[in-house]
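Fold and geometry: a report
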Amino acid sequence: MVREIEIKLQRLLLDHKMTYQELSKLTGLSTRAISDMVNNKQERISKEAICKIADVFEVKDIREIIDFKMESK
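How each quantity is defined
- Residues numbered from 1 in each chain as written.
- Predicted model: local features only at pLDDT ≥ 70, side-chain atom pairs only at ≥ 80, totals over all residues.
- Heavy atoms only, no water.
- Helix = DSSP H or I, 4+ residues; strand = E, 2+ residues; numbered from the N terminus.
- Buried < 20%, exposed > 50% of the residue type's maximum accessible area, 1.4 Å probe, protein only.
- Arc of directions from axis to C-beta.
- 1 Å grid on protein atoms, 1.4 Å probe; cavity = no way out; pocket = protein on both sides within 12 Å on 5 of 7 lines; lining within 4 Å.
- Points joined across faces, edges and corners; volume = space filled by probe spheres on them.
- Nonpolar A, V, L, I, M, F, W, Y, C, P; charged D, E, K, R; others polar.

It is worth spelling out unusual backbone geometry at this point. Even without being a glycine, Lys-17 presents a positive backbone phi close to 50°. With respect to the helices and strands, the residue Lys-17 is situated in the loop between helix 1 (9–15) and helix 2 (20–27). Located in the positive-phi region is Glu-58, a residue other than glycine, with phi close to 55°. Judged by relative accessible area, Glu-58 falls into the exposed class, the value being 64%.

Moving on: helix 2. Within the sequence span of helix 2, burial applies to Leu-23, Ser-24 and Thr-27. The buried residues of helix 2 occupy an angular sector of 105° when the element is viewed end-on, so they sit on one face. Opposite the buried face of helix 2, by more than 90 degrees, sit the exposed residues Lys-25 and Leu-26. Taken from the residues just after helix 2, Gly-28 is the one with a positive phi, measuring 85°.

In this structure, the largest pocket spans a volume of roughly 230 Å³. Considering the residues around the largest pocket, the lining is formed by Glu-4, Ile-5, Ile-7, Asn-40, Gln-42, Glu-43, Arg-44, Ile-45, Ile-50 and Ile-66. Tallying contributions element by element places strand 1 (residues 2–7) first for the lining of the largest pocket, with three residues. Of the residues in the lining of the largest pocket, the class split is five nonpolar, two polar and three charged.

Here it is as structure tokens:
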């Protein structure tokens, strides 16, 4: 079993019918950074960015944004 961190931003955007551009305006994060997070291409995400995303989506549990994804090898 291999652990990988999954960023669940795509689900949050779809659930809230929000675009990358709208989230960018609300958080101050670049649309590029948001795109990289959605596509799980970003290796590091700052605590500040996670907090901004949590504030916009009113997330109470960080696992709504990031969690482990288990893969069999």
